[in-house]
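# Residue-level structure breakdown
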Amino acid sequence: MDAQVETLVVGAGQAGLATAYHLRCRGVPTLVLEGRGRVGDVWRQRYASLRLFSPAAADGLPGMAFPAPRASYPTGAAMGDFLEAYAAAMDLPVRTGVHAERVTTRTGGGFRVTTADGGVIDAEQVVVATGGHQRPRVPAFAADLDPDIVQIHSAGYRDPGQLQDGRVLVVGASHSGADLAFEAAATHPTLLSGRLPGEVPYTLGRPSARLAGLVIPFVFRRVLTLRTPPGRRLASAVRHGGAAPLIRVKRRHLAAAGVELAEARTVGTRDGRPLLADGRVLDDVRNVLWCTGYTEDFRWVEPAPLDADGRLRHVRGVVEEVPGLYFTGLVFQHSFASMLILGAGHDAEHVARRVAALRRERGSGPAGGRRQGRRQSSDVRLEPAVGPIRVMPPSTTHDAPVT
Ligand SMILES: Cc1cc2nc3c(=O)[nH]c(=O)nc-3n(C[C@H](O)[C@H](O)[C@H](O)COP(=O)(O)OP(=O)(O)OC[C@H]3O[C@@H](n4cnc5c(N)ncnc54)[C@H](O)[C@@H]3O)c2cc1C
């Protein structure tokens with residue numbers, strides 16, 4: 001497709017849609033590109049048994065709460081459907097099935113985006129909202145594992161049907177690691193390698209959870225930020241692979257499911273078999289599930305200034321060295337909540353404000369830059385929503401623990 005637009009948002013996940021919403025509220029003409037066939041496919045294509053670790057109360061987007069009981073955990077498919085319904089309800093201009101391949105600067109100002117279908121889109125400003133999960137990270141020693149071991153990264157895992165008989169090693173004690181170990185243990189002897197992070201000290205539905213529901217959004221968005229010492233410490237830990245506390249599947253659920261927990265990390269191989277840091281060689285492992293996270297990859301955004309380690313230089317998603325270029329949905333973009341649904345609206349609003357301000361500066365925005373739009377919200381709302389949105393169809397429910 002060829003087009004000329006004022007502001008282009010690349011990616012229609014929660015970050016891109018929340019940005020489009022806030023741009024719309026400010027009257028900024030915007031087009032959103034989505035590479036997949038349907039808005040929400042990124043969630044539908046994650047593992048089939050996925051349930052969010054964040055309760056519905058924390059899964060809304062600006063102007064629209066998640067339409068499910070506050071203390072329930074939506075499925076991944078329901079989250080995908082919610083994003084699609086959100087784009088439709090907010091009348092956001094999303095073009096699906098168009099994958100942006102490269103962003104360059106144009107002589108004379110603005111940006112040129114080339115797309116996989118051979119199209120060219122010129123834009124005054126570009127917001128890259130393609131998510132922090134671009135390249136699955138797998139340790140280099142994975143290549144030394146015996147070829148008779150099935151290896152799957154969580155990004156490519158759908159269901160236990162992909163596993164062969166025999167023991168499963170899940171590497172990485174994160175949310176995904178806990179989920180996949182819990183699931184694999186129903187059919188395979190399963191060992192989870194890695195130190196489990198802490199877990200939240202409440203159980204959904206109890207009074208302590210109601211209090212947590214009030215405190216956590218505030219702490220995640222306003223206290224654990226890059227402006228505070230605890231926030232900066234946490235940011236460094238998260239960027240170096242530290243996992244957030246377990247919320248839904250906890251240690252006791254794993255133990256009850258029969259998952260063997262090994263604090264020791266998987267550090268290499270010996271004779272093609274996985275080697276743990278405590279010296280154990282796992283001779284009988286037949287499957288390895290890598291829950292080892294992702295790395296950012298913004299090399300395709302040519303004007304983006306990257307450090308030697310490939311990390312983007314920005315301030316709250318604003319690339320100050322390249323006026324008109326922004327990012328949303330980055331890990332710890334501003335706060336711990338940035339990588340969660342809970343933080344999408346907050347970060348998006350900041351970026352949208354800066355887009356609108358530059359537009360005014362350049363003389364194309366409305367005088368005074370008043371916000372427009374149907375509903376305005378500075379934050380994710382936590383009250384139950386209404387509307388004809390399909391949530392948690394029976395086919396996508398499963399027996400994962402919900403307490
Ligand atoms: C397994 C898993 C479970 C998670 N569970 C939770 C949870 O329970 N609660 C929570 O708060 N967070 C959760 N997260 C973290 C986070 O909320 C999600 O990763 C979320 O999908 C990030 O949203 P995003 O909009 O930043 O990126 P994405 O959801 O990845 O959206 C990016 C969009 O951009 C599109 N795109 C990418 N590249 C291009 C391109 N070049 N051109 C056009 N389109 C492109 C993609 O198709 C996608 O639709 C989870 C993450 C994972 C991996």
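Residues numbered from 1 in each chain as written. Predicted model: local features only at pLDDT ≥ 70, side-chain atom pairs only at ≥ 80, totals over all residues.

### Structural notes on helix α4 (residues 175-184)
Burial analysis of α4 places 10 of its 10 residues in the buried class, the great majority of the element. Taken residue by residue, α4 has H175, S176, G177, A178, D179, L180, A181, F182, E183 and A184 as its buried positions. In the core, the buried residues of α4 are packed alongside β9 (167-171), β10 (190-193), α7 (251-257) and β14 (285-290). (Buried ≥ 20, exposed ≤ 12 C-beta atoms within 10 Å, placed from the backbone. Helix = DSSP H or I, 4+ residues; strand = E, 2+ residues; numbered from the N terminus. Contact = placed C-beta atoms within 7 Å.)

### A closer look at helix α1 (residues 14-25)
End to end, α1 covers 16 Å across 12 residues, agreeing with the expected 16 Å (1.5 Å per residue, within 8%). With respect to burial, α1 is a largely interior element, 12 of its 12 residues being buried. Of the residues making up α1, those classed as buried are Q14, A15, G16, L17, A18, T19, A20, Y21, H22, L23, R24 and C25. Lining the buried residues of α1 we find β1 (3-10), β2 (30-34), α3 (76-89), β6 (120-128) and α8 (341-361). G27 lies just past α1 and shows a positive phi near 70°. (Expected span 1.5 Å × (residues − 1).)

### Things to note about the sheet that holds strand β11 (residues 260-262)
One open sheet holds the five strands; their spatial order is β8-β14-β9-β10-β11, and the pairing between them is parallel. Both edges of this open sheet fall to β8 (150-153) and β11, since each of them pairs with a single strand only. Ignoring strand direction, the axes of neighbouring strands in this sheet form an average angle of 20°. With four bridges connecting them, β8 and β14 associate as parallel partners. Paired with Q151 across the bridge in β14 is V288. (Pairing = 2+ DSSP bridges. Axes fitted to C-alpha atoms, helices over the stretch in contact; angles between N-to-C directions.)

### Points about the packing of α1 against α8
Between α1 and α8, the shortest axis-to-axis distance is 8 Å and the interhelical angle comes to 45°. Judged by the inter-axis angle, α1 sits oblique to α8. Between α1 and α8 lies a crossing whose hand is right-handed. Here Q14, A15, A18, T19, H22 and L23 of α1 come into contact with α8, specifically with I341, A344, G345, A348, E349, V351, A352 and V355. (Parallel < 35°, antiparallel > 145°, perpendicular 65-115°, else oblique. Left-handed = near helix turned anticlockwise from the far one by under 90°.)

### Observations concerning the confidence of the model for the chain
Looking at the chain, pLDDT values average 87 and 87% of them are 70 or higher. Confidence drops under a pLDDT of 50 for residues 373-403, and excluding neighbours within four residues, the segment shows 61 contacts in the predicted structure. (pLDDT = per-residue confidence, 0-100.)

### Some details on the environment of V42
Of note, V42 is situated in helix α2 (residues 41-44). On the basis of neighbour counts, which here come to 22 C-beta atoms within 10 Å, the residue V42 falls in the buried class. The spacing of V42 and A77 is 35 residues in sequence and 9.2 Å in space, taken between C-alpha atoms. When residues no more than four places from it in sequence are discounted, the contact partners of V42 are G13 and R36.

### So, the nonpolar core
Counting 108 residues, the largest nonpolar core has L8, L17, V126, V170, A181 and L289 as its most contacted members. Split by domain, this core shows at least three residues from each of two domains, domain 1 (3-134 + 296-369) and domain 2 (137-199 + 245-293). Excluding anything up to four places from it in sequence, L17 contacts A12, L61, L83, Y86, A87 and L92. (Core = buried A, V, L, I, M, F, W, Y, C linked by C-beta atoms within 7 Å. Domains from an automatic or database assignment.)

### A look at the pairing of strand β5 (residues 111-115)
Burial along β5 is one-sided: the face carrying F111, V113 and T115 is buried and the face carrying R112 and T114 is not. Here strand β4 (residues 100-105) pairs with β5 via five bridges, running antiparallel. In the sheet register, V103 faces β5, and the bridge partner there is V113. In this structure, the hairpin formed by β4 and β5 is closed by a connection of five residues, where G108 is found at a positive phi of approximately 100°. Here β5 runs beside β6; their pairing, made up of four bridges, is antiparallel. Bridge pairing links V113 to I121 in β6. In sequence, β5 turns back onto β6 through a hairpin of four residues, with G118 there showing a positive phi of about 90°.

### Considering the environment of V94
With respect to the helices and strands, V94 occurs in strand β3 (residues 94-96). With 22 C-beta atoms counted inside 10 Å, the residue V94 sits in the buried group. Once residues lying within four places of it in the same chain are set aside, the contact partners of V94 are A12, V32, E34, V39 and A87.

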